[in-house]
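As a plain string of letters, each chain reads:
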Amino acid sequence: MKNFLKTLFMINEPIGRLEFFFISLAASFIVFILWYVSVYLLYYIDAFKADAPLLFMLGEFTLLAFVLLFGLALLVINFVCITKRCWDIIPDKLLSVIIGIILMVLIFLIHNIVINIICYLILCLLPGQIFKRQKDISVLDILKKEDEHSSEEG
């Protein structure tokens with residue numbers, strides 16, 4: 001789990017379709033929860049507007065800081081996830097970073113949910129290079145490497 005959290009913000013290796021799907025799904029779920037909680041808290045904070053203007057301003061500032069920090073973290077996770085998936089589809093890391101930047105800009109410029117879903121589905125469904133690279137490795141090779149790795153640790 002620690003290794004996963006370390007690599008969540010780093011473009012260090014390509015990811016496959018399934019990992020991209022689950023990371024994107026989790027990020028979308030968190031964005032939905034963040035949006036729902038923010039709207040609810042903003043409605044709750046609005047009640048203090050007339051009675052305690054200082055508390056109202058402090059609450060709005062705290063909510064804005066919370067949303068911006070988590071939103072920025074989710075934006076970075078989304079960019080890294082898209083770039084890693086593009087790196088799996090196109091084996092060139094620099095080109096995948098450029099494509100990731102272009103896709104992120106398009107997501108923000110085009111606020112059409114249909115186009116965003118189509119881009120997401122294209123990234124989910126295109127076959128990548130990970131399977132092709134691991135196709136030549138047999139199960140026995142993997143077991144030997146695991147035995148060697150466990151004997152080195154012990």
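Residues take numbers from 1 onward in each chain, read along the sequence in its written order. The model is predicted, so local features are restricted to residues of pLDDT at least 70 and side-chain atom pairs to those at 80 or more, both for listing and for counting; the totals for chains, interfaces and linings are taken over all residues. To get the side-chain values, take all heavy atoms of the structure and skip hydrogens and water.

Asks: It is not clear to me how the overall build of the protein chain should be interpreted in this structure. Could you clarify?
Replies: Put simply, DSSP marks the helices as runs of H or I at least four residues long and the strands as runs of E at least two long, and each gets a number from the N terminus on. Each helix and strand in the protein chain was counted, giving seven helices and zero strands. In the protein chain, the succession of α and β elements from N to C terminus is α-α-α-α-α-α-α. Here, two residues are considered to be in contact whenever any of their heavy atoms come within 4.5 Å of each other. Here the contacts in the protein chain between residues at least 6 apart in sequence split such that 71% fall between residues at least 24 apart. Per element, the accessible surface of the protein chain, about 11,600 Å² overall, is 74% carbon and sulfur. For every accessible area listed, the method is Shrake-Rupley and the probe measures 1.4 Å; residues are considered covered only by the protein chains on display.

Asks: Can you walk me through the side chain of arginine 85 in this structure?
Replies: Here arginine 85 shows up in helix H3 (residues 53-89). Classification of arginine 85 by relative accessible area gives buried; the value is 0%. When sequence neighbours within four positions are dropped, the list of residues in contact with arginine 85 reads Ile15, Gly16, Arg17, Phe20, Leu123, Cys124, Leu126, Pro127 and Gly128. When accessible area is computed with a 1.4 Å probe and restricted to protein chains, residues below 20% of their type maximum are described as buried, those above 50% as exposed, and intermediate ones as partly exposed.

Asks: Help me out: how do you make sense of empty space enclosed by the protein in this one?
Replies: In this approach, a probe sized like a water molecule rolls over the atoms, and the result shows the empty space that is left. Lining residues are defined by having an atom within 4 Å of a point belonging to a cavity or pocket. Those points lie on a 1 Å grid over the protein atoms alone, cavities being sets where a 1.4 Å probe fits but cannot get out and pockets being open sets with protein on both sides within 12 Å along at least five of seven lines. Grid points are joined across faces, edges and corners, and a volume is the space filled by probe spheres set on the points. Throughout the structure, instances matching the rule amount to one cavity of 30 Å³ or more. Considering only enclosed or pocket space, the largest cavity measures out at about 60 Å³ in volume. In this structure, the largest cavity is lined by ten residues; those nearest its centre are Thr7, Leu8, Ile15, Ile23 and Lys84. Elements with a minimum of two residues in the lining of the largest cavity: helix H1 (2-7), helix H2 (17-46) and H3. Top contributing element to the lining of the largest cavity by residue count: H3, with four residues.

Asks: Whenever I open this one, helix H4 (residues 93-109) confuses me. Can you help?
Replies: Think of an α-helix as 3.6 residues a turn; residues three or four steps apart then line up on the same face. End to end, H4 covers 24 Å across 17 residues, agreeing with the expected 24 Å (1.5 Å per residue, within 8%). Listed as buried for H4 are Ser96, Gly100, Leu103 and Met104. When H4 is viewed along its axis, its buried side chains cluster within an angular range of 100 degrees and face the same direction. Residues of H4 that are exposed and angled more than 90 degrees away from the buried face: Leu94 and Leu109. Where H4 is buried, its residues touch H3 and helix H5 (113-125). To estimate how far a helix should reach, multiply one less than its number of residues by 1.5 Å. Arc definition: directions from the helix axis to the C-beta atoms.

Asks: Looking at this structure, how should I read the layout of surface pockets?
Replies: Roughly 860 Å³ of internal volume is contained in the largest pocket. Along the walls of the largest pocket sit 26 residues, with Ser28, Val31, Asn78, Ile107 and Asn116 positioned nearest its centre. Residue assignment for the lining of the largest pocket shows that the elements contributing at least two residues are H2, H3, H4 and H5. In terms of residue count, H2 provides more of the lining of the largest pocket than any other element does, nine residues in total. Note on residue classes: Ala, Val, Leu, Ile, Met, Phe, Trp, Tyr, Cys and Pro are nonpolar, Asp, Glu, Lys and Arg are charged, and everything else, Gly too, is polar. Per-class residue counts for the lining of the largest pocket are 19 nonpolar, seven polar and no charged.

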